[in-house]
Amino acid sequence: MVKSFGEFLLFIQSMLTRKERVAVLWQRTIDECVIIGINSIFIVAIVSAFIGAVTCVQIAYNLTNPLIPKSTIGYMVREMTILELAPTITSIVLAGKVGSSIAGGLGTMRITEQVSALEVMGINSASYLVLPRILASMFMFPLLVILAMALSIIGGYLAGSLTGALSAQEYIEGIRTDFIPYNIVFALIKSVVFAFLVSAISSFKGFYTQGGALEVGAASTTAVNNSIIAILVADFALAALLL
């Protein structure tokens, strides 16, 4: 484990020591933003909307005390969504979609010697291939998390209204109760950290793939597993440090 961590740090260093021109990195980053962000909107929207709806229904099911106002349901949906569900669940979903794509793409380039061809041409392959993916992830993950927050709260609103668990007025009153703006900042900080972990770990696993197609698949699986574990560990560490 210590050896792998050292290799990971050296990989990050090699990516930053001899960077490509800004114009090249800009264009590559924009292309990766489309692949990582735009193509992930649908799955993020579906997951976040249903998570908000299920959260609202399950809280309403367990909140049977008549002394507790029903607006508490909206309050709890908002807090759970902003603090945990939107940044963490969205990042885990993206670790499966984006992380496996990054690891598989770089692994395929490695075994087909496209990476070696770039290095022969004098191009820093780590900077050219990996840095744009990391920058794009760190830019797009927070935007997707904001989308997940909004859709999750809307999903809870629709679920609560359609099932009769609480009225629309009670839900809106709940989501407006004791709002703390810092929670949004905290969620966005988590999303940036998670984006770096997912993209960097997946790139590292894919970049140093050796063998054939079977090893590319194994690298993708390992990248997703390690990314999810890193997200959960970082989630606890950030909560302990920043809250």
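Residues numbered from 1 in each chain as written. Predicted model: local features only at pLDDT ≥ 70, side-chain atom pairs only at ≥ 80, totals over all residues. Heavy atoms only, no water.

If you walk through the whole model with that rule in mind, you get 7 aromatic pairs. With a centroid separation of 5.6 Å and 90° between ring planes, the pair formed by Phe 8 and Phe 204 is classed as edge-to-face. Taken together, the residues Phe 8 in helix 1 (residues 2–17) and Phe 204 in helix 8 (residues 182–207) connect sequence positions 196 residues apart. The buried category is assigned to Phe 8, whose relative accessible area is 14%. For Phe 204, a relative accessible area of 10% translates into the label buried. With 5.5 Å between their ring centres and 65° between their planes, Phe 204 and Tyr 208 make a pair best called edge-to-face. Among the residues examined, Tyr 208 registers a relative accessible area of 43% and is labelled partly exposed. (Phe/Tyr/Trp six-rings, centres within 6.5 Å; stacked < 30°, edge-to-face > 60°. Helix = DSSP H or I, 4+ residues; strand = E, 2+ residues; numbered from the N terminus. Buried < 20%, exposed > 50% of the residue type's maximum accessible area, 1.4 Å probe, protein only.)

Before going further, it helps to spend a moment on helix 3 (residues 41–62). With 22 residues, helix 3 should cover 32 Å at 1.5 Å per step; its first-to-last C-alpha distance of 32 Å lies within 8% of that length. Regarding helix 3, the residues found buried are Val 44, Ser 48, Gly 52, Ala 53, Thr 55, Cys 56, Ile 59 and Ala 60. Angularly, the buried residues of helix 3 cover 155° about the axis, an arc narrow enough to put them on a single face. Turned more than 90 degrees off the buried face of helix 3, the exposed positions are Phe 42, Phe 50, Tyr 61 and Asn 62. Where helix 3 is buried, its residues meet helix 4 (71–111), helix 6 (125–163) and helix 7 (168–175). (Expected span 1.5 Å × (residues − 1). Arc of directions from axis to C-beta. Contact = heavy atoms within 4.5 Å.)

Counting residues in hydrophobic clusters, the biggest one holds 44 residues, and the most contacted among them are Phe 11, Met 15, Leu 129 and Val 130. Taken together, the elements giving at least two residues each to this core come down to helix 1, helix 2 (22–36), helix 4, helix 5 (114–120), helix 6, helix 8 and helix 9 (213–242). Here this core takes 12 residues from helix 6, the largest share from any one element. By size, the runner-up hydrophobic cluster in this structure holds 9 residues, among which are Ala 60, Ile 73, Val 77 and Ala 165. (Core = buried A, V, L, I, M, F, W, Y, C linked by side-chain atoms within 4.5 Å.)

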